[in-house]
Amino acid sequence: METKKLLQEFFLLERQSKTRKPGEALKLKGVFQIADEVNQNGRIYPRSILEREIKKFDKLIQERRAIGELDHPDVSVVQLQNASHVITSLFWEGNNLMGEIEVLPTRNGQVLEALHDAGVVYGISSRAVGSTQRNNEGKELVQDDLQLLTFDVVSNPSVSEAMLNESVIKELQNTNRTYLIESILDDIMGKNNE
């Protein structure tokens, strides 16, 4: 068995033309991962291992702590200062792991939303640590030591079949209201003009 390494897989997100009203969050959904098939990185993720990791990850989703970043960092730690979205659901459709993200009103979330509004195509990518072992066909089989960390939004997806579709929800959370107030105060104080 090889040593543990950072494993990253990519799936495209799709922009659809819907207008969001002020106070509504951008939500995207689609394929997040595929089980038991060779991906374009030459890896196979066994469904049993993914199911185990999704079951553990679901606790973070339920607690609204399943944070993702804009671009993959070179480390395995999810850093809040780089947060762009929160994963709000994961579920299975056949061997496709489906999911949904909500873009956060953070600096990176604003960048992601601006890219989305400009029609830029970007991807969703799993970030995990674990090892792989080469099978008889030369493909890398992900091993039982896999630990799913999060799903990040990235610019270089390697799987073009998986698309996320836009949906809209009303933002009623105090954190978003607080951010809006801070943003307005920054504008008034001239902090955004520096």
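Just so it is clear, the model here is predicted, and its values are computed rather than measured.

Trainee: Explain the pattern of salt bridges to me, and be specific about the residues and the numbers.
Mentor: If you walk through the whole model with that rule in mind, you get eleven salt bridges. Across the salt bridge formed by K27 and E100, the nearest N and O atoms sit 2.5 Å from each other. On the criterion of sequence distance, the pair formed by K27 in strand β2 (residues 24-34) and E100 in strand β6 (residues 96-103) is long-range, its members being 73 residues apart. No difference in accessibility class separates K27 from E100, as the two residues are buried. With a shortest N-O distance of 2.8 Å, K56 and E53 are connected by a salt bridge. Here K56 and its partner E53 are both found in helix α1 (residues 47-62), three residues apart, which amounts to about one turn of the helix. Residues participating in the shared-partner salt-bridge network are R52, E53, K56 and D144.

Trainee: Please set out the packing of aromatic side chains residue by residue, giving values where relevant.
Mentor: Counted according to the given criterion, the structure contains two aromatic pairs. With a centroid separation of 5.0 Å and an interplanar angle of 65°, the aromatic rings of F32 and F151 are classed as edge-to-face. Of this pair, F32 sits in strand β2 while F151 sits in strand β10 (residues 147-154); the two residues are 119 residues apart in sequence, bridging distant segments of the chain. With respect to burial, F32 and F151 carry one shared label: buried. Here the aromatic rings of F57 and F151 are separated by 5.9 Å at their centres, their planes lie at 85°, and the arrangement is edge-to-face. With a gap of 94 residues between them, F57 in helix α1 and F151 in strand β10 connect regions that are remote in the sequence. For F57, a relative accessible area of 3% puts it in the buried group. Within the aromatic cluster, the residues linked to one another by ring pairs are F32, F57 and F151. Positioned above the aromatic ring of W92 is the side chain of R47, whose terminal nitrogen or guanidinium carbon lies 4.1 Å from the ring centre.

Conventions we followed
- Residues numbered from 1 in each chain as written.
- Predicted model: local features only at pLDDT ≥ 70, side-chain atom pairs only at ≥ 80, totals over all residues.
- Heavy atoms only, no water.
- Salt bridge = Lys/Arg side-chain N within 4 Å of Asp/Glu carboxyl O.
- Helix = DSSP H or I, 4+ residues; strand = E, 2+ residues; numbered from the N terminus.
- Buried < 20%, exposed > 50% of the residue type's maximum accessible area, 1.4 Å probe, protein only.
- Phe/Tyr/Trp six-rings, centres within 6.5 Å; stacked < 30°, edge-to-face > 60°.
- Lys NZ or Arg CZ within 6 Å of the ring centre and 35° of its normal.

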